[in-house]
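Chain by chain, the residues:
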Amino acid sequence: RRVRKAVVSTQSTGSSQTHTLPCCCRPFILGSSCDMKLYLLGLVCLVTLSGLCRAEDPIVEGTVEEDLGKSTIGSKTDDETVEREEEAIKLDGMNVAQMKQLRESAEKHTYQAEVNRMMKLIINSLYRNKEIFLRELISNASDALDKIRFLSLTDPSVLSATPDLKVMIKPDKENHALHIIDTGIGMTHDDLVKNLGTIAKSGTSEFLAKMEEGDTEVSSDLIGQFGVGFYSAFLVADTVVVTSKNNADEQWVWESDASSFTVAKDPRGDTLGRGTHISLFLKEEAYDFLEEHTIKDLVKKYSQFINFPIHMWTSRTEKVEEAVEPEADATPKEGETDDDVKVEDEDDEKPKVKMVDK
């Protein structure tokens, strides 16, 4: 086989050197037919080897990751989130089937633009003074009681469903919920949509302007003056449920997470008789408002001048006597007669008891 040689000249300190290189190391001159064939052959080999290496890449076995879109919090359209909400929000006397019926029949509403703006201002301005929510809700309950009492002066029958006029507070630590109940005038379907979904035009701009000034103490007083104290509930609650019964309508359930609200007929029927039941499903940082001493202190601080009695559900553990069941075996033991057993029974006529915590 002939080996073609290439001559390479290098200049080094004025001398000239000649080196002989193999053809494969010499730069191709594509104008030569031999070099062109070698170039194409090398290119084909390179492509073939590249394909074989890619085909022989190792396959790593593994498992498909879970749907990352379904986080622990989730979106409102996530099926798992809906199930979690149905389990989390528990209303007195409402079973799972009734809760499903409530959700399916609910009318969906969006808040008035001014309400959205106002709620953001309230939450951002009063986040350091969250406790005022209880003052506002008790004040609203007192107003509802005043209205039904005023109507009863001319028509005593309006009190027939529930003659007692009072406010009740019920903490539920198990479900992280705080309930404020009154036997006031209650709200109809239209009242719920109008009173809790919109705010009166008169004074709205003035209220929002003063809120935007940012004075926390002034702001906490303003929400009561302008009749929008109800929305302070979202300072401590992720979800607010309002169940209300007015003499002129059926019982309705209003529910909101501060972004929108729904209204539905209560599948339980008339459980209130008359009045309003507000259920606050608290944020984790607001769980202290479920403590008995915290509620009592706030009621004394803000609501001591309310003209109606305020009751609170409490629980305590007491030691009580509980009867001990007698032993069923009354057969004579070895060496005893039936008469001996009867004598022992007469001595044990007094019931045995034990102390238990209840």
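Each remark here, short or long, concerns the structure printed above.
The paragraphs below set out a description of the structure included in this document. (Residues numbered from 1 in each chain as written. Predicted model: local features only at pLDDT ≥ 70, side-chain atom pairs only at ≥ 80, totals over all residues. Heavy atoms only, no water.)

1. Here we look at the sheet that holds strand β3 (residues 107–110)
Here is step 1 of the chain: The eight strands are arranged β3-β8-β7-β6-β9-β5-β4-β10 in an open sheet whose pairing can be described as mixed. Two strands in the sheet have a free side with no partner beyond their single neighbour: β3 and β10 (310–312). For this sheet, the mean angle separating the axes of adjacent strands, direction not counted, is 15°.
Here is step 2 of the chain: Where strand β6 (residues 237–245) and strand β7 (residues 251–256) come together, six bridges link them in antiparallel fashion. Its bridge partner being in β7, Val-242 is matched across the sheet by Trp-254.
Here is step 3 of the chain: Sheet strands touched by helix α5 (residues 132–152): β4 (167–172), β5 (177–182), β9 (275–282) and β10. Its angle to β5, the strand with the most contacts, is close to 25°.
Here is step 4 of the chain: In the packing of helix α9 (residues 292–302) onto the sheet, contacts are made with β4, β5 and β10, and the angle to β10 comes to roughly 175°. (Pairing = 2+ DSSP bridges. Helix = DSSP H or I, 4+ residues; strand = E, 2+ residues; numbered from the N terminus. Axes fitted to C-alpha atoms, helices over the stretch in contact; angles between N-to-C directions. Contact = heavy atoms within 4.5 Å.)

2. Some details on the packing of aromatic side chains
Here is step 1 of the chain: Under the defined criterion, the tally for this structure stands at five aromatic pairs.
Here is step 2 of the chain: Aromatic side chains Phe-230 and Tyr-231 sit 5.5 Å apart centroid to centroid with 75° between the ring planes, which places their arrangement in the edge-to-face category.
Here is step 3 of the chain: With a relative accessible area of 7%, Phe-230 lands in the buried category.
Here is step 4 of the chain: Aromatic ring contacts, followed pair by pair, group Tyr-111, Phe-230, Tyr-231, Trp-254 and Phe-261 into a single cluster.
Here is step 5 of the chain: The ring of Trp-313 carries Lys-170 above its face, with NZ or CZ at 5.4 Å from the centroid. (Phe/Tyr/Trp six-rings, centres within 6.5 Å; stacked < 30°, edge-to-face > 60°. Buried < 20%, exposed > 50% of the residue type's maximum accessible area, 1.4 Å probe, protein only. Lys NZ or Arg CZ within 6 Å of the ring centre and 35° of its normal.)

3. A short note on unusual backbone geometry
Here is step 1 of the chain: A positive phi angle is found at His-176, which is not glycine, with a value near 55°.
Here is step 2 of the chain: Within the fold, His-176 resides in the loop between β4 and β5.
Here is step 3 of the chain: The exposure class assigned to His-176 is partly exposed, which follows from its relative accessible area of 31%.
Here is step 4 of the chain: One non-glycine residue with positive phi stands out, namely Ala-258, at about 85°.
Here is step 5 of the chain: Relative to the assigned elements, Ala-258 resides in the loop between β7 and β8 (260–265).
Here is step 6 of the chain: Under the relative-accessibility criterion, Ala-258 is labelled partly exposed at 23%.

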